[in-house]
Amino acid sequence: MHRRDFLMASAAGIVFASSQAGRAKAMPPTQPIAADTLVGMVRIASFSADGQDWAVWEDLRSGDGELLLLDAQGQGIRLAKRTEPTYATANPPYLGLSLREIARADADLLAQKLLEGGGDPDEEQVRRAAPPLASDFNPRELGSRMAWTTFVGTIQAGDTMPIFPNGRDRCFRPEHVFPELSGDEIAKRREEGLLGGWYPAVHKVIPLDKDRWYDLLVFADVNANDPLVVQTWHRTILVEHGRAAKIAYGHSYTPYPPRRQPPEPAQFYTALLSFLATWRGAIADMAPVELPRADWADMARHAFVKELMVRPGGTYPKYGAVDRDYFGPEYDGFQDTFTSSLYANLEWGRFEQAKAVLDNYFTQFVFDDGMINMRGPETAQFGLTLSLLARYLTYTGDVATLRKYRGKIAATAQVLAELHDQSLALPPQDRGHGLIHGWSESDACLHPDPSLWWKPYYNNSAFAVRGWRDIAKVWTSIDPGGQALAKSWESRAEKLQQALIKSMRANVRRDLSPAYISPLPGAQGTFREALATHQRNEQGWSHRVYCELLQADVLPEDLARLTVDCVRGHGGTVLGVVANFSAPNDTYRNLLGFITYGYAQELLRQDRIEEYLLFLYSHRHHAHTPGGWVAAEVAGIDGGLPLFCIPAQLTIPLLLRWMLVFERADSNTLHLGRAIPRDWIMSGQKIAISDAPTRWGRVSYALSHDLSNKRITIEGQLPENGPESVEMRVRLARGLRLRQLTSKIPSGTARIASDDTIVISGTPQGSFSLSVAYG
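Residues numbered from 1 in each chain as written. Predicted model: local features only at pLDDT ≥ 70, side-chain atom pairs only at ≥ 80, totals over all residues. Heavy atoms only, no water.

J.: It is not clear to me how the overall build of the chain should be interpreted in this structure. Could you clarify?
T.: The number of helices and strands found in the chain is 23 helices and 30 strands. Relative to the globule expectation of 28 Å for 775 residues, the C-alpha radius of gyration of the chain, 26 Å, shows essentially globular dimensions. Based on the C-alpha atoms only, the size of the chain along its principal axes is roughly 80 × 65 × 60 Å. Taking all contacts inside the chain whose residues are at least 6 apart in sequence as the whole, residues at least 24 apart take part in 68%. As presented, the chain carries roughly 28000 Å² of accessible surface, and 49% of it is formed by carbon and sulfur atoms. Positive and negative side-chain charges in the chain, numbering 82 and 88 respectively, have mean positions lying 1 Å apart. (Helix = DSSP H or I, 4+ residues; strand = E, 2+ residues; numbered from the N terminus. Rg over C-alpha atoms; globule rule 2.2 N^0.38 Å. Contact = heavy atoms within 4.5 Å. Areas by Shrake-Rupley, 256 points an atom, 1.4 Å probe, with all protein chains shown as cover. Lys, Arg positive; Asp, Glu negative; His and termini not counted. Charge placed at Lys NZ, Arg CZ, Asp CG, Glu CD.)

This is the structure in structure tokens:
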């Protein structure tokens, strides 16, 4: 299907209908509203919808004041307006270091400072460690790029609408009614957030002077069915001393009287009600989660919302948004867009979306011979694709979908087998003998001589091992006559893993501290030294190599630990997040928002929890814009304007899920609560996740804390035919330890295994209850 024809069909409902099957509108829950709740609030408007009368109340005493939709029965929908400052609040920045020091050092100086006290990093200190994204940039230096900082959209539309700092978009300007809002200079010290915490309604607070500010709301019209145009709703309030001095509403375009008049308030709030119901229904299948910090759960929810906005019809892939570069069709088949989406949606139980993404990709972007409809295949991603397909079947049981594509799946595995055979045909003395050669990074194909990067990168082999091994385990379910093929993949995986480990051990440089392992055998110098020689170097894009090598989980513990230490100790991280590798310089050290979750996953395996949390906090605060949470592909730490990509947006959901529920690839132990921050545990607030999928089935648990009696209770549900053991981590404040355990486990036994870990063994299943005292 021609690209334009596809978009037209999408907007007409073909793709939208398939991606939305079963997603009924779900009105946000109402709750009784006590009369005293309205004290200090201002009645803004009233309207009727579906035979129900509503009143709109709002707390305008602060920019974070609540918006309340109150029905005639005294039930209400409460919508938070939490905001974050979009400007730097630390003086001096960089924890007192200079940007030159940070950029030139091999060590991650910021990470060292943030972890030097021992224990969990302080999230607020991490936030203040560098200027936030998009806080300090010059629009005139962006070339052809527009200076948008966030965007809105719908599921059905084929595009999105950029929103600029002062609240305008490409079709509507609030300054037509409020001239004071003209230009973005006035918005430099704004605060920004999302209505209700996660809904894709942009909320801005632009201060004027003491007790005076502009309060702006912008959201897309979920009832519009234009093929590409995104219709938008706007509300601007001039707030003075806790009251609405002036309110203006808009819909998509500047008025053209008498035909096009400004909308009535009732139209705006009726649209808002529909907006809330639509988006709540769109992510209703996400595994429920409750955390002491609601913004973290909101961030995971919003990531899935953003994905639906970015994908035309909710399913067709787009790497970025708005800007031609990254939104262009040449990126649509990018493997990372597919694998990050499939992975994140599976981990949070969003099986319908996972199936829609899988169907779309294997129909439109995988050819019969296993090659992809995209300019630059990334060799390791073929292996990750196979692994995720196996995970899809294990989680969902949907064998019918995979059988539909079994020819393409087998061909994908054969792509790697052919490359493996080529490597085995090399002379034994060749550095790449027995290791899979190929591009590691898609952009290699854009250079004059892409053969420079057709090399035996370790991640290529690592993910081939993981992919073959995982798909082999489930292959006879997909193809009942495929025993011989499954055995051949298992054999190849074993042989390739041995070759990979042998080569890595032979290429460790122990003359450096920490020891150094190159991204491929026989490389000259470290990756920073190589990049200082020439940017077009075989060690280019080594950040991807290390992240995927670690994510594959095929290395022995000592090599995995050495690899992490190598990356962090030789200039490969900033603020604890894998950097966009570069030569030493005086002006920048950028972190990667996408592909780096494999590195974080290995931190979790190695029980380097403080480093994992630093990665989590840094990614949130320095790979996302404040409040609006637009994720950056590559993020500088100088306040510049980043380029958005959706794989970066889907990183936080993965990190949060693994913090709460985690399983290693080849282990029969399930880890619960492995990386929950100590201050969350000690807050006394509930921590819970329900119906989180694992390869054994759905898992739920809830942790409650009786602070006064120093006792923690954990109640949960494990699947039938569950893991051999479960490790429940309870990360108390430093100096405290678990002391006395009472348990109710119909199947299995529980014991305190260490100061902060309870082990349930004996293949436990069904409900369980743990009550543990500490001191």
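Now that the structure has been shown, we can carry on.
J.: What should I look at first to understand the packing of aromatic side chains in this one?
T.: Centre distance and the angle of the planes are the two values used to describe a pair of aromatic rings. One pass over the structure, following the stated rule, counts 37 aromatic pairs. Here the aromatic rings of Y319 and F334 are separated by 4.9 Å at their centres, their planes lie at 85°, and the arrangement is edge-to-face. Of this pair, Y319 sits in the loop between α7 (294–310) and α8 (324–327) while F334 sits in the loop between α8 and α9 (335–347), and the two are 15 residues apart along the sequence. Just as Y319 is buried, F334 falls in that class too. (Phe/Tyr/Trp six-rings, centres within 6.5 Å; stacked < 30°, edge-to-face > 60°. Buried < 20%, exposed > 50% of the residue type's maximum accessible area, 1.4 Å probe, protein only.)

J.: What am I meant to see in the packing of helix α10 (residues 351–364) against helix α11 (residues 379–396) here?
T.: The relative placement of two packed helices is expressed as an angle between their axes plus a distance between the axes. Following both chains from N to C, one finds α10 and α11 inclined at 140°, their axes separated by 12 Å at the closest point. On the basis of the axis angle, α10 is oblique to α11. As for how α10 packs across α11, the hand of that crossing is left-handed. From α10, F351, A354, K355, L358 and F362 reach across to α11, where they touch T385, L389, Y392, Y395 and T396. Of the residues belonging to the contact of α10 with α11, the class tally is 7 nonpolar, 2 polar and 1 charged. (Axes fitted to C-alpha atoms, helices over the stretch in contact; angles between N-to-C directions. Parallel < 35°, antiparallel > 145°, perpendicular 65-115°, else oblique. Left-handed = near helix turned anticlockwise from the far one by under 90°. Nonpolar A, V, L, I, M, F, W, Y, C, P; charged D, E, K, R; others polar.)

J.: Teacher, can you tell me more about the confidence of the model for the chain here?
T.: Low-confidence regions, as indicated by low pLDDT, have predicted coordinates that should not be scrutinised in detail. For the chain, per-residue confidence averages 95 on the pLDDT scale, and residues scoring 70 or more make up 97% of the total. Confidence drops under pLDDT 50 across residues 1–23; counting only partners more than four residues distant or on other chains, this segment forms 43 contacts. (pLDDT = per-residue confidence, 0-100.)

J.: Explain the nonpolar core to me, please; I cannot follow it from the model alone.
T.: The biggest cluster of nonpolar side chains holds 219 residues, and the ones touching the most others in it are L69, W279, W468, I471 and Y701. Sorting elements by how many residues they give to this core places helix α14 (residues 458–478) first, with 11 residues. (Core = buried A, V, L, I, M, F, W, Y, C linked by side-chain atoms within 4.5 Å.)

J.: Mind showing me how you'd approach the pairing of strand β24 (residues 697–706) here?
T.: On a regular strand, each side chain points to the face opposite its neighbour's, so the side chains alternate between the two faces of the sheet. The pairing of strand β23 (residues 687–694) with β24 spans 6 bridges and is antiparallel. By the bridge assignment for β24, P693 is matched with R698. In this structure, the hairpin formed by β23 and β24 is closed by a connection of 2 residues. Taking the residues that link successive antiparallel strands as the turn, the β24-strand β25 (residues 711–718) hairpin has 4 residues, and the phi of K710 there is positive, at about 50°. (Pairing = 2+ DSSP bridges.)

J.: Explanation requested: the pattern of salt bridges in the structure shown.
T.: Any two side chains of opposite charge can pair, given that their charged atoms come close. All told, the structure shown has 63 salt bridges when counted by the stated rule. Measuring nitrogen to oxygen at the nearest pair gives 2.5 Å for the salt bridge that ties E58 to K81. Here E58, found in strand β3 (residues 52–58), pairs with K81, found in the loop between β5 (75–79) and β6 (83–85); they are 23 residues apart in sequence, far enough to count as distant. In this pair, the class of E58 matches that of K81, namely buried. Put simply, R620 and D295 hold a salt bridge, and the shortest N to O gap is 2.8 Å. Of this pair, R620 sits in helix α20 (residues 609–622) while D295 is found in helix α7, placing the two residues 325 residues apart along the sequence. Residue R620 is classed as buried on the basis of its relative accessible area, which comes to 3%. (Salt bridge = Lys/Arg side-chain N within 4 Å of Asp/Glu carboxyl O.)

J.: Looking at this structure, I do not really get unusual backbone geometry. What am I missing?
T.: The phi torsion of most residues other than glycine is negative, and most of the peptide bonds are trans. That bond from N91 to P92 is cis: its omega, 5°, falls within 30 degrees of zero. Topologically, P92 is positioned in the loop between β6 and α3 (99–104). That bond from P257 to P258 is cis: its omega, 5°, falls within 30 degrees of zero. As for its position among the elements, P258 is in the loop between β13 (243–251) and α6 (265–282). Phi is positive for I595, which is not a glycine, with a value near 60°.

J.: I keep staring at α9 and nothing clicks. Help me out?
T.: Owing to its 3.6 residues per turn, the α-helix brings residues three or four apart onto one side. Taking 1.5 Å of rise per residue, 13 residues should cover 18 Å, and α9 covers 18 Å from first to last C-alpha, within 8% of that figure. Looking one or two residues beyond α9, the residue adopting positive phi is G349, at roughly 75°. (Expected span 1.5 Å × (residues − 1).)

J.: Just to check I follow, could you spell out the sheet that holds strand β22 (residues 669–672) for this structure?
T.: In sheet architecture, strand pairing relies on hydrogen bonds along the backbone and comes in two forms, parallel and antiparallel. Taken in spatial order, the 5 strands make up an open sheet running β21-β22-β26-β29-β28, and their pairing is mixed. Two strands close off the open sheet at either side, each with one partner strand: β21 (661–663) and β28 (749–754). Ignoring which end each strand starts from, the neighbouring axes of this sheet average 25° apart. In the sheet, β22 pairs with strand β26 (residues 725–729) via 4 bridges, with the strands oriented parallel. Across the sheet, the residue bridging to T669 is S725, located in β26. The sheet strands contacting helix α22 (residues 651–660) are β21 and β22, and the helix crosses β21 at an angle near 85°.

J.: Teacher, can you tell me more about the state of the cysteines here?
T.: Any covalent bond linking the sulfur atoms of two cysteines counts as a disulfide. Per the stated rule, a full pass over the model turns up 0 disulfides. No disulfide involves C566; its sulfur sits 12 Å from the nearest other cysteine sulfur, which is in C547. The thiol of C645 is not disulfide-bonded; the next cysteine sulfur, from C547, is found 13 Å away. (Disulfide = S-S within 2.5 Å.)

J.: I keep staring at the sheet that holds β13 and nothing clicks. Help me out?
T.: Taken in spatial order, the 6 strands line up as β6-β9-β10-β11-β12-β13 in an open sheet, and their pairing is antiparallel. Where the open sheet ends on each side, the last strands, each with one partner, are β6 and β13. On average, each strand axis in the sheet is inclined to that of its neighbour by 20°, with strand direction left out of account. Sheet topology places strand β12 (residues 232–240) next to β13; 8 bridges connect them, and they run antiparallel. Bridge pairing in β13 links W233 to H251.

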